[in-house]
Each structure stands twice: as structure tokens, then as C-alpha cells.
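Here are the chains, one letter per residue:
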Amino acid sequence: MQDGTEEIKEIIQEDIWGSVKEFLNWGIHIGEGEKSIHLTLGLLLLLTVSIVATKLLLKWSRYLVTRKMEPEDKQKFASVFKFVNYVLYLIVVLFTLSGAGINITLIITASAALFVGLGLALQEFFKDILGGIFIILDKSLQVGDIVEVDEKVGKVFEIKLRTTRALTRDDKVVVIPNHKFISDIVFNYTQNHRTTRESVHVGVAYGSDVELVTRLLEESVKEHKKVLKKPLPFVLFNDFGDSALMFSINYFINDSFVDPRIKSDIRYSINKKFKENNVTIPFPQRDIHIFQHQKSQNNTNSDNP
């Protein structure tokens, strides 16, 4: 019985497995020893299996990363995964060539130098890509948000992987590199909610009736259609200025993108109400005193005998 088992093992090892090894080893063999190169069917089969396994792994990874994203956000990641695919496929090919006996040291060295050069040249590009990935993943910026970047206010209408586009208040499109959203200070007026508090500042002459000024300021904003009734507008007596009593009327709106127009309307209304009620808006004044210096009495009397 034991002899029969050993005989079967020999048949499997020598005949079947030997035939398989011979088949997989069939191909092109160049050179001998350490400098030999072997391009065989086994190597091609290994390359094929590695590529298929890599593709399945990338597909599964992409599903895990993008499964909770909106369809538009998933499309933005297509270019990222294509780039990752190319890099991984290149690594698989290099390892396959190494398995064939080809010295890939020079290839890796040249590739490393090339990638370092590209990295230095495209560092801003990669920063923008990373910024876009963070924006999409953590939802820190969305279409419709009103943001202020480099003292420019715009309403976001498109978020891409490298850049974000916004429409300014004068109907111009501003293209914002995504790295600014992770490296610079950016004001997002509407991330928490759409309601924002705005204010208009005005000064009145000393001696004015401050209660009357407060009432007129409140009326000027309550009459505007785009000012919210709740929360209620309120007036602040800010300071005693050099030539005026400083007030501000604070109000709430749902669309801060058109706030400059609302402020303009409120200023028109304030100016009209102040004129009707004899409230003066002063302007800075300076008194200039001119002193004419007379010659000293000694010099005057020096002419006398």
C-alpha cells in the first residue's frame, strides 16, 4: 500500500507537474547564469494574473471610496483612479521584467529622477488635486455656497477635481485653485445656513436725538422686502467719533450674494428719512487758525534814535 502511494507521488511530481513546469518554462531563453533572460509562458501568465488581480483590487477600492458619493462626484474621481491604474500597472510590469531576469535598476533610477522632476514642476497641480479630493470627501464646499477668497466674493457653481468656479457679484467667473481651500483662510458665508447678518454704518451730528436716529434706522431696513422680519433688525450705538455719533443698523438676509444692492437701498432710505426729520450727517471739518507773527518790539524800536 505504501509503495503504491509513493508511486503515485512520483507520477504526480515527475510526470504531471514536470509536464506543467515544462509547458510554463517554454519560451525564449537568452544567456546563461545571472545575466540570462527568460521570457516564458509562465511569466506571461503571471503578468496576466497580476494585471487582472490589480484591476479587481482597484475596482473594489474605487467602490469603497465612492459608494456614498453623488454621481457627479464619482465622475470627478475618474481621472484620479486612471492615474493610479497607470502607476500600478507600471509597477506590475517592472516586477514582471525583474522576474524575467531583466535588470530594472537603471529603469527605476531613471523613472525616479523623472518623477522627482515632474513632482517639482507639478507640485501646485498635485496640491490642487488633493484639495479637490478633500473638498469632495468632507463636503466642506458645495455648489451654491457663497465664499470670499482673496477679497473676492463669489457664488460657487461648479466644483472640479483641480479647480472651483464661482460667479462674482459683477457677473464675472473666477477660477479658484482648490489648494486655496486647504492652505488659505476662506470665508464661507453660507456653510452653516443661508441666513447672514449684515450692517450699514452711519454717523450723525453731535446734539442729534439718538432715539429718533434709532427709530429712523430701524424703519429704513424694515421697509426693505429682502430683509428678514425674524431675527429682528437692531441698532448699535458704536462710538463717539471725532465729528459724529457713530451708529450701525444690523439686519438679516437670506441671500448675502446681493447684499451690496440691499445696502445701497438702505442708504438711500436712511438719507431720505434723515432729511425729512432734520437729522444731519456731518462730514469731517478742520479749523485752521492762521497766526501772523509781528516783529519783536525790540526790532521795531531799534529804528528809533
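The structure this text deals with has already been given above.
Residues numbered from 1 in each chain as written. Predicted model: local features only at pLDDT ≥ 70, side-chain atom pairs only at ≥ 80, totals over all residues. Heavy atoms only, no water.

Draft legend 1. How the structure looks around the overall build of the chain. A count of helical and extended segments in the chain gives 10 helices and 10 strands. Residues classed as buried in the chain amount to 28% of the 305 residues present. A separation threshold of at least 6 residues defines the contact pool for the chain, and within that pool the share at least 24 residues apart is 60%. Of the roughly 22000 Å² that the chain leaves accessible, carbon and sulfur atoms contribute 59%. (Helix = DSSP H or I, 4+ residues; strand = E, 2+ residues; numbered from the N terminus. Buried < 20%, exposed > 50% of the residue type's maximum accessible area, 1.4 Å probe, protein only. Contact = heavy atoms within 4.5 Å. Areas by Shrake-Rupley, 256 points an atom, 1.4 Å probe, with all protein chains shown as cover.)

Draft legend 2. Broad picture of the pattern of salt bridges. Going through the model one piece at a time under the given rule, you end up with 10 salt bridges. One salt bridge connects D150 with K180, and the closest N-O pair in it is separated by 3.2 Å. With D150 in the loop between β3 (146-149) and β4 (152-159) and K180 in helix α7 (residues 180-183), the pair connects residues that are 30 residues apart, well separated along the chain. E158 serves as the salt-bridge partner of R165, at 3.9 Å between the closest nitrogen and oxygen. You can call R165 partly exposed: its relative accessible area is 31%. Three or more residues are tied together by salt bridges with common partners; here these are R215, E219, E223 and K273. (Salt bridge = Lys/Arg side-chain N within 4 Å of Asp/Glu carboxyl O.)

Draft legend 3. Structural view of a nonpolar patch on the surface. A cluster of nonpolar side chains, namely L57, W60, Y63, L64, V65 and L137, defines an oily patch on the protein surface of about 620 Å² accessible area. Element by element, the count of residues in the nonpolar patch is highest for helix α2 (residues 41-66), at 5 residues. For L137, the position within the fold is in helix α6 (residues 123-138). You can call L137 partly exposed: its relative accessible area is 46%. (Patch = residues over 30% accessible without salt bridge, like charges linked within 9 Å, V, L, I, M, F, W, Y side chains within 5 Å.)

So yeah, pure geometry; function would need other evidence.
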